[in-house]
Amino acid sequence: MNSLPLNKGNEIAGNLKYANRPLEVTGRIRSPEFDAFAEGKIYVVSLISNDLMWAEPELVCRLRVTSFNTNWVTGLTEGDAITVRGNIRDVPSFGDLDLRNCLPIAP
């Protein structure tokens, strides 16, 4: 799967062009946490890429709480490099790129 070029200079144009399309990305993570605003429990794994384009905004991978996802998330440590795949969420995200139906991809 090819990574999509992001339209950093115009969030609206980027959202219209890429919303609901699949994206696979690799990056280093921040500490995993629960989504405080979700209905029900959702895991959140935020990625920071080495690419300067991703230096400020981050990619937010939202995962449902399942036994597989729990095992995966509990094995992560801040700074780990991971690859995830999901669909770009079609909602404003305050400068972050949200992936829904996010899944970890084996190295």
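To start, this report covers the structure provided alongside it. Predicted model, so just to flag it, every value in this text is computed and none were measured. (Residues numbered from 1 in each chain as written. Predicted model: local features only at pLDDT ≥ 70, side-chain atom pairs only at ≥ 80, totals over all residues. Heavy atoms only, no water.)

On a plain count of helices and strands, the chain comes out with two helices and six strands. Going through the 107 residues of the chain one by one, you find that 36% of them count as buried. (Helix = DSSP H or I, 4+ residues; strand = E, 2+ residues; numbered from the N terminus. Buried < 20%, exposed > 50% of the residue type's maximum accessible area, 1.4 Å probe, protein only.)

Here the focus is the environment of R62. Within the secondary structure, R62 is located in strand β4 (residues 59–64). Once the C-alpha coordinates of R62 and R100 are considered, the two residues, 38 residues apart in sequence, prove to be 5.7 Å apart. A distance of 3.3 Å separates the side chain of R62 from the side chain of D98, its partner in a polar contact. (Polar contact = N/O pair within 3.5 Å; in protein donor to acceptor, adjacent residues only side chain to side chain.)

As a further point, take the state of the cysteines. Taken as a whole and assessed by the stated rule, the structure comprises one disulfide. Here C61 is linked by a disulfide to C102, with a sulfur-sulfur distance of 1.9 Å. Residues C61 and C102 are joined by a disulfide whose S-S torsion is about -110°; by sign, that bridge is left-handed. Placement of C61 in strand β4 and of C102 in strand β6 (residues 97–105) is noted, with a sequence separation of 41 residues between them. The residues C61 and C102 share a single accessibility class, namely buried. (Disulfide = S-S within 2.5 Å.)

Within helix α2 (residues 67–74), burial applies to N69, W72 and V73. Within α2, the buried residues cover an arc of 95° as seen down the axis, which keeps them to one side. Exposed residues on α2 whose side chains face more than 90 degrees from its buried face are S67, N71 and T74. On its buried face, α2 is in contact with β3 (42–48), β4, β5 (81–88) and β6. (Arc of directions from axis to C-beta. Contact = heavy atoms within 4.5 Å.)

With that settled, consider unusual backbone geometry. In this structure, N101 is a non-glycine residue whose phi angle is positive, near 50°. One can find N101 in strand β6.

This part takes up the side chain of S46. As for its position among the elements, S46 is in strand β3. On the basis of relative accessible area, S46 is assigned to the buried category, the value being 8%. If we ignore the near neighbours within four places in the chain, the residues touching S46 are R28, I29, R30, E58, L59 and V60.

Below, the discussion takes up the environment of W72. Tracing the chain through its elements places W72 in helix α2. Setting aside anything within four residues of it in sequence, one finds W72 in contact with V45, L63, I82, V84 and P104.

The pairing of β4 with β6 spans three bridges and is classified as parallel. Following the sheet pairing, L59 is matched in β6 by L97. Alignment of β5 against β6, held across five bridges, turns out to be antiparallel. The partner of R85 across the bridge, within β6, is L103. (Pairing = 2+ DSSP bridges.)

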